[in-house]
Structures are given as structure tokens and as C-alpha cells.
Amino acid sequence: MKYELVVFDWDGTLLDSAGAIVRSIQAACRDLGLPVPDDARARHVIGLGLADAMRHAVPDLAPENYQAMVDRYRHHYLSGDHELSLFAGVPELLARLQGAGHVLAVATGKSRVGLERALDHSGLRPHFSASRCADECHSKPHPQMLEELMLEFGMAPAATVMIGDTSHDLLMARNAGVDALAVTYGAHPHDHLLEYAPRACLHSVSELDTWLLANG
């Protein structure tokens, strides 16, 4: 086993939520009379901590309005998050990895409350031994989430892999000195992900599973 610790991003990697996040950012901007970012700009911030995401998606947003923006985003996202679906094959992938003895963890831009809600809705909680969120660590691409997870389980960087759908995930992995796998079915496009030199770019959960079986 090369990768004893397998760390997953959540949104756009396990859960098909990128579209809902984009729509919620745009709706929050409309509520507050702010310029509405286009889809590409809104998708780019997925994976960052919420405050950082809003700052990048709406660069003209005054600091005193950050909380109002976050509140409106949460209103729109939470009104429909229970209808979101896991990508096909995710439960089976996690069960196989766990059964093979890998330690599974989550490193996400979600808040702790948001991740706990998502774990309950998805039914995936039993598969994960630990998680780190953006409101308890530095936001991606800072390596703190991965560093804390490796420390918690006594894992070396060489025994750890980060799996995500954004450049923020890949940069976090690079900053932590661990390998990264990119999935192209989430928030950031294939060509953009390739710029960050992941070990592989996988186009489906099935491809991810096949790669991990052969290399993980």
C-alpha cells in the first residue's frame, strides 16, 4: 500500500455540488445588489474558505458586508443542499478503500457545521476517520489541513495522497509535500488542473478507483 492516508476534498469531488455553489454565490450577489460574477469566476473559488471565496468572487465587496454576503449565500445553498447527490460510485469507492485498510479523511473549504450536515445527509460519515474544515484551519492552499491530518495518524507525506477537483486542492498538496490526484468532473476544468502537475487527472469516480487500485 503506497498511500496509507487518502484525503478527499468534498464539494465537486465526492458531492455533485459545484453548480449549486455557483448559483448560490450569484443569488447572494443579486440579493445585495452586487455585481454578479459569471459562472467561471464563481466556480474558481469553490474549495476556498467561505470568506476567502466571497472576497475573490466579489472583489468589490466591502469588508463590512462580508457577513451579509456569507449569510445570503448560506440561505440559498442550505435551502437545497439536501437534494444534492454524490457522484456515481463514491460510496463503493470509499467502502473498498476502507476495507483495504486505508485511512480516509476529508479536507474541505466547508465550515465544520456545513461538513457535519453533509456527512449526515450523504451517509458517508462511517467511512472517514477524521476531517478538517476551513473555519478551524487556514484556508486552502495553505497546508495546515493536510499537516494536521498526517500528524494525527502518524503518516509521512510519502504515504499520503490528496484528491480534489480544484487548483486549491492541488496547491495545498504541493505545499504539504504530498502527492495529488485531480478529478475533472468537478469545479475546475481539465486544462487548468494539468497546470499544477497532479499525479493523474481522472475523469470519473470509476477512473479514480481504477487508478488507486493500480497505484495506491
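Refer to the structure printed above.
Residues numbered from 1 in each chain as written. Predicted model: local features only at pLDDT ≥ 70, side-chain atom pairs only at ≥ 80, totals over all residues. Heavy atoms only, no water.

**Things to note about the sheet that holds strand β6 (residues 200-202)**
Strand pairing in a sheet relies on backbone hydrogen bonds, with the paired strands running either antiparallel or parallel.
Turning to step 1, where the next piece is worked out: Across the sheet, which stays open at both edges, the six strands sit in the order β3-β2-β1-β4-β5-β6 with parallel pairing between neighbours. The open sheet has two edge strands with one neighbour each: β3 (130-133) and β6. Strand-to-strand twist of the sheet, defined as the mean angle between neighbouring strand axes without regard to direction, takes the value 20 degrees.
Turning to step 2, where the next piece is worked out: Here strand β2 (residues 103-108) runs beside β3; their pairing, made up of four bridges, is parallel. Each residue of the ladder has a partner; that of alanine 107, found in β3, is arginine 132.
Turning to step 3, where the next piece is worked out: Here helix α8 (residues 167-176) sits on the sheet and contacts β2, β4 (160-164) and β5 (179-183); the angle it forms with β5, its principal contact strand, is near 170 degrees.
Turning to step 4, where the next piece is worked out: Relative to β6, helix α10 (residues 205-215) is tilted by about 145 degrees, and along the sheet it contacts β1 (5-8), β4, β5 and β6. (Pairing = 2+ DSSP bridges. Helix = DSSP H or I, 4+ residues; strand = E, 2+ residues; numbered from the N terminus. Axes fitted to C-alpha atoms, helices over the stretch in contact; angles between N-to-C directions. Contact = heavy atoms within 4.5 Å.)

**Quick notes on the pairing of β4**
Turning to step 1, where the next piece is worked out: Counting buried positions along β4 yields five of five residues, so the element is predominantly enclosed.
Turning to step 2, where the next piece is worked out: Of the two faces of β4, the one holding Thr160, Met162 and Gly164 and the one holding Val161 and Ile163 are both buried throughout.
Turning to step 3, where the next piece is worked out: Relative to β4, β1 runs parallel, the two being bridged by four bridges. When the bridges of β4 are listed, valine 7 appears paired with methionine 162.
Turning to step 4, where the next piece is worked out: Note: β4 against β5, four bridges, orientation parallel. (Buried < 20%, exposed > 50% of the residue type's maximum accessible area, 1.4 Å probe, protein only.)

**Observations regarding α8**
Turning to step 1, where the next piece is worked out: Counting buried positions along α8 gives seven out of 10 residues, so the element sits mostly inside the fold.
Turning to step 2, where the next piece is worked out: Every buried residue of α8 is listed here: Ser167, His168, Asp169, Leu170, Met172, Ala173 and Ala176.
Turning to step 3, where the next piece is worked out: Residues of α8 that are buried sit in contact with α2 (39-44), β2, α7 (144-153), β4, β5 and α9 (190-194).
Turning to step 4, where the next piece is worked out: Immediately beyond the C-terminal end of α8, within one or two residues, lies glycine 177, with a positive phi of roughly 75 degrees.

**What to know about the environment of lysine 140**
Turning to step 1, where the next piece is worked out: The topology assignment puts lysine 140 in the loop between β3 and α7.
Turning to step 2, where the next piece is worked out: By relative accessible area, lysine 140 is classed as buried at 2%.
Turning to step 3, where the next piece is worked out: The spatial distance from the C-alpha of lysine 140 to the C-alpha of phenylalanine 8 is 13 Å, given a sequence separation of 132 residues.
Turning to step 4, where the next piece is worked out: Residues contacting lysine 140, with those up to four places away along its chain left out, are Asp9, Gly47, Leu48, Ala107, Thr108, Gly109, Met145, Met162, His168, Asp169 and Met172.
Turning to step 5, where the next piece is worked out: Here the side chain of lysine 140 touches aspartate 9 through a polar contact of 2.9 Å, side chain to side chain.
Turning to step 6, where the next piece is worked out: Among the polar contacts listed, one links the side chain of lysine 140 to the side chain of aspartate 169, at a separation of 2.6 Å. (Polar contact = N/O pair within 3.5 Å; in protein donor to acceptor, adjacent residues only side chain to side chain.)

**Considering the packing of aromatic side chains**
The description of two aromatic rings rests on the distance between their centres and on the angle between their planes.
Turning to step 1, where the next piece is worked out: Taken as a whole, this structure holds five aromatic pairs when the rule is applied.
Turning to step 2, where the next piece is worked out: Between phenylalanine 8 and phenylalanine 128 the ring centres are 6.4 Å apart and the planes differ by 75 degrees, which places this aromatic pair in the edge-to-face class. Pair noted here: phenylalanine 8 is in strand β1 and phenylalanine 128 is in the loop between α6 (112-122) and β3, with a separation of 120 residues, a long-range link. There is no split in this pair, since phenylalanine 8 and phenylalanine 128 are both buried.
Turning to step 3, where the next piece is worked out: Three or more aromatic residues joined by ring pairs form one cluster here, namely Phe8, Trp10 and Phe128. (Phe/Tyr/Trp six-rings, centres within 6.5 Å; stacked < 30°, edge-to-face > 60°.)

**Comments concerning the nonpolar core**
Turning to step 1, where the next piece is worked out: Ranked by internal contacts, the top residues of the largest apolar core, which has 53 residues, are Phe8, Trp10, Ile25, Met69, Phe128, Leu181 and Leu208.
Turning to step 2, where the next piece is worked out: Per element, the largest residue contribution to this core is seven residues, and it comes from helix α1 (residues 18-31).
Turning to step 3, where the next piece is worked out: Filtering out sequence-adjacent residues up to four positions away, isoleucine 25 remains in contact with Pro37, Ala42, Val45, Met54, Ala57, Met69 and Tyr73.
Turning to step 4, where the next piece is worked out: Core analysis: the next-biggest nonpolar cluster, separate from the first, contains 23 residues, Leu5, Met162, Ala173 and Val178 among them. (Core = buried A, V, L, I, M, F, W, Y, C linked by side-chain atoms within 4.5 Å.)

**Brief notes about unusual backbone geometry**
Turning to step 1, where the next piece is worked out: In this structure, proline 141 follows lysine 140 across a cis peptide bond, with omega equal to 10 degrees.
Turning to step 2, where the next piece is worked out: Here proline 141 is to be found in the loop between β3 and α7.
Turning to step 3, where the next piece is worked out: If you check the backbone angles, alanine 197 has positive phi at about 55 degrees while not being a glycine.
Turning to step 4, where the next piece is worked out: Structurally, alanine 197 is set in the loop between α9 and β6.

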